[in-house]
Amino acid sequence: MYIIANAVKNIGRNKGRNILMAIIIFAIILTTAVSIIINTTTSAIITDYKSRFGAEVSIETDFEMLQNKKVAESYKELTPQQQIEFGKSDLLQSVNLSATIDISPRKLSSLSESEMDHFISNFLSGATRADGTKNPETVPVKGKIIATDNPEVGNDFKNGTRKIISGEMYKNLNECIVSQQYADLNNLSVGDTIDVDSYYKNDPMTHSLTITGIYMDNTMLGSNPEVISSMENRNNEILTGFDTALNMEMFTGHGRVSTQYFLKEPTLLPAYEKELREKGLADYYKVVTDEAGYKKVVGPVEGLARVTNTFLIVVLILGSMVLILLSTLAIRERKYEIGVLRAMGMKKVKVVFGLLTEMLVITVLCLMLGLGVGLAASQPVADSLLTNQIELAAENNNTNGGVPTSGRTGLGAPTFSSEAKPLSELQVNLSANAITQIILISLVLAGISSVAGIMYITKYEPIKILSERN
């Protein structure tokens, strides 16, 4: 107890030296606090963005390779089975699969049915194909099966164009939802079972679906039903799960698949492409990702994290050097005091403990003040740094320009995510993790500040220290 009390008194006895030491420690703790607070906040945001979104990868036809006649002759479209298989990878953050099947239910009426539908059907029936074979006889297409396990991939349900008004969204195999207009036309209600058929006249490939919900559909508002076909009228769309579509006989030969693959991050693209090649992806397809979009969204935050990390490392290195220098000078001034204590019989460990206690008390006071000031200063510093990073990202985008895409197999133009918006502001906060890091660094600083004294004490005997006093 005496050692602690004496250490506290020594802080007051050497005000000038300790005030200078406190100013240096406070400055280091302040800059450390600001850096760590910003860094932990940005790390949490980056982790959150990467967990919710990913860099979308697209598979495109390489038209330059198709200029080669031999390659062009061997060209084959990706099959639905291939597209589904490509989505089975540990490198992907998420996969959105959507299937579309043209249908012609024999027992159900469709909206916007017209003579044009029958004319198109008759024209295609029996027509000779390019390979010399003839099309099978067909009936008019009267709607579509739209199958996805994530109905919110599109914006219809998200922006309110479509909304469940009765029942619930499909959940299990062979469940579906239909539009209110379609249900009213066919006197359908939740719980009814409907049969959907292919548009082949002699091969309906009938599949039964149970209606679990009816949705309001405003996608066709403002459209003239007299100038569109039943196939184009979106009120005729029957929505179901992707697994349900896979189990339909008509999907095997007539289903179409749209895909969205999201990598965990753009740097995984080479590994993912290698994986696709091993699964049979032909060389005339190229695999690209929207790295520019990814950097536009996450880049400024990652840049901010790099800046604060670099700043923190520089401050800690320079600050530690300054503290060691000041500590060495302070011990030289106090070596007689240390020599007297050692000559009186105080053990080395107790002297070291006293010096550490002095520095620990100063560090704790600076820590409490530094945390408060650091939290207050972090927000404006973060805003300024983020603004600079956003400007740099914008300049890089303008310099690099955009690369047009074509021949893509997917739901839309490749993009990081339509939901992911570039971060325009950063709300910093003092998390428990940040507090822990700041305290640990402060304790390390206290140890560094006392290291010179510890080395001095353990190196010399008290008689030598006293004899050197001039």
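Scoring rules and cut-offs
Residues numbered from 1 in each chain as written. Predicted model: local features only at pLDDT ≥ 70, side-chain atom pairs only at ≥ 80, totals over all residues. Heavy atoms only, no water. Helix = DSSP H or I, 4+ residues; strand = E, 2+ residues; numbered from the N terminus. Buried < 20%, exposed > 50% of the residue type's maximum accessible area, 1.4 Å probe, protein only. Contact = heavy atoms within 4.5 Å. Areas by Shrake-Rupley, 256 points an atom, 1.4 Å probe, with all protein chains shown as cover. Patch = residues over 30% accessible without salt bridge, like charges linked within 9 Å, V, L, I, M, F, W, Y side chains within 5 Å. Salt bridge = Lys/Arg side-chain N within 4 Å of Asp/Glu carboxyl O. Core = buried A, V, L, I, M, F, W, Y, C linked by side-chain atoms within 4.5 Å. Phe/Tyr/Trp six-rings, centres within 6.5 Å; stacked < 30°, edge-to-face > 60°. pLDDT = per-residue confidence, 0-100. Pairing = 2+ DSSP bridges.

**A closer look at the overall build of the chain**
For the chain, the helix and strand inventory stands at 14 helices and 10 strands. Within the chain, the proportion of its 470 residues that are buried is 44%. Of all intrachain contacts in the chain linking residues separated by at least 6 positions in sequence, the fraction that spans at least 24 positions is 83%. Summing over all exposed atoms, the chain offers an accessible surface of approximately 24,800 Å²; the carbon and sulfur share of this is 57%.

**A short note on a nonpolar patch on the surface**
Together, Leu 360, Val 364, Leu 365, Met 368, Ile 439, Leu 440 and Leu 443 make up a nonpolar patch on the protein surface, roughly 620 Å² of accessible area in all. When contributions to the nonpolar patch are tallied by element, the ones reaching two or more residues are α12 (348-400) and α13 (432-459). At 4 residues, the largest contribution of residues to the nonpolar patch is made by α12. Mapped onto the secondary structure, Val 364 falls in helix α12. On the accessibility criterion, Val 364 (37% relative accessible area) is partly exposed.

**Topic: the nonpolar core**
Counting residues in hydrophobic clusters, the biggest one holds 30 residues, and the most contacted among them are Ile 145, Ile 194 and Ile 238. For this core, the elements supplying multiple residues, two or more each, are β2 (92-103), β3 (143-148), β5 (175-179), α6 (180-186), β6 (193-196), β7 (207-217), α7 (242-246) and α8 (249-254). The leading source of residues in this core is β2, at 4 residues. Sequence-distant contacts of Ile 145, that is, excluding residues within four places in its chain, are made with Ala 99, Thr 100, Ile 101, Ile 103, Val 196, Leu 209, Ile 238, Thr 240 and Met 248. Counting 28 residues, the second largest nonpolar core, distinct from the first, contains Val 315, Leu 323, Met 359 and Ala 434.

**Focus: the packing of aromatic side chains**
Under the counting rule described, the total for this entry stands at 6 aromatic pairs. Where Tyr 284 meets Tyr 285, the ring centres are 5.3 Å apart and the plane angle is 50 degrees; that geometry is what we call tilted. Among the aromatic residues, ring-to-ring pairing joins Tyr 75, Tyr 284 and Tyr 285 into one connected group.

**Some remarks on the confidence of the model for the chain**
Residue-level pLDDT values for the chain average 77, and 74% of them are 70 or greater. Note on residues 127-131: pLDDT is under 50 here. Beyond four places in sequence and across chains, it has 8 contacts. Every residue in residues 401-418 scores below 50 in pLDDT, and together they form 50 contacts with partners more than four places removed in sequence or on other chains.

**Here's the deal with the environment of Thr 41**
Locating Thr 41 in the fold gives a position in helix α2 (residues 15-52). Overall, Thr 41 belongs to the buried group, its relative accessible area being 6%. Expressed as a C-alpha distance, the spacing of Thr 41 and Ala 382, which sit 341 residues apart in the sequence, is 10.0 Å.

**Points about the pattern of salt bridges**
One pass over the structure, following the stated rule, counts 11 salt bridges. Linking Glu 85 and Lys 88 is a salt bridge whose minimum nitrogen-to-oxygen distance equals 3.6 Å. The exposure class of Glu 85 is partly exposed, given its relative accessible area of 34%. For Lys 88, a relative accessible area of 54% translates into the label exposed. With a closest N to O distance of 3.9 Å, Lys 107 and Asp 195 form a salt bridge. With a gap of 88 residues between them, Lys 107 in the loop between β2 and α5 (115-124) and Asp 195 in strand β6 connect regions that are remote in the sequence. For Lys 107, a relative accessible area of 69% puts it in the exposed group. For Asp 195, a relative accessible area of 23% puts it in the partly exposed group. Shared partners join several salt bridges into a network, and the residues in it are Asp 156, Arg 162, Asp 217, Arg 234 and Glu 237.

**Concerning the pairing of β2**
β2 sits mainly inside the fold: 9 of its 12 residues count as buried. Where β2 and strand β9 (residues 256-263) come together, 8 bridges link them in antiparallel fashion. Within β9, the residue paired with Ala 99 across the bridge is Val 257. Two strands pair when backbone bridges link them, and β2 and β3 are joined in this way by 6 bridges, in the antiparallel orientation. Its bridge partner lying in β3, Thr 100 is registered against Ile 146.

**Concerning the pairing of strand β8 (residues 237-240)**
Because side chains alternate across β8, one face comprises the buried residues Glu 237 and Leu 239, and the other comprises Ile 238 and Thr 240, equally buried. Judged from the 4 bridges that link them, β3 and β8 form a sheet pairing that is parallel. Directly across from Ile 145, in β8, lies its bridge partner Ile 238. Strand direction decides the pairing type here: β5 and β8, joined by 2 bridges, are antiparallel. Paired with Ile 177 across the bridge in β8 is Leu 239.

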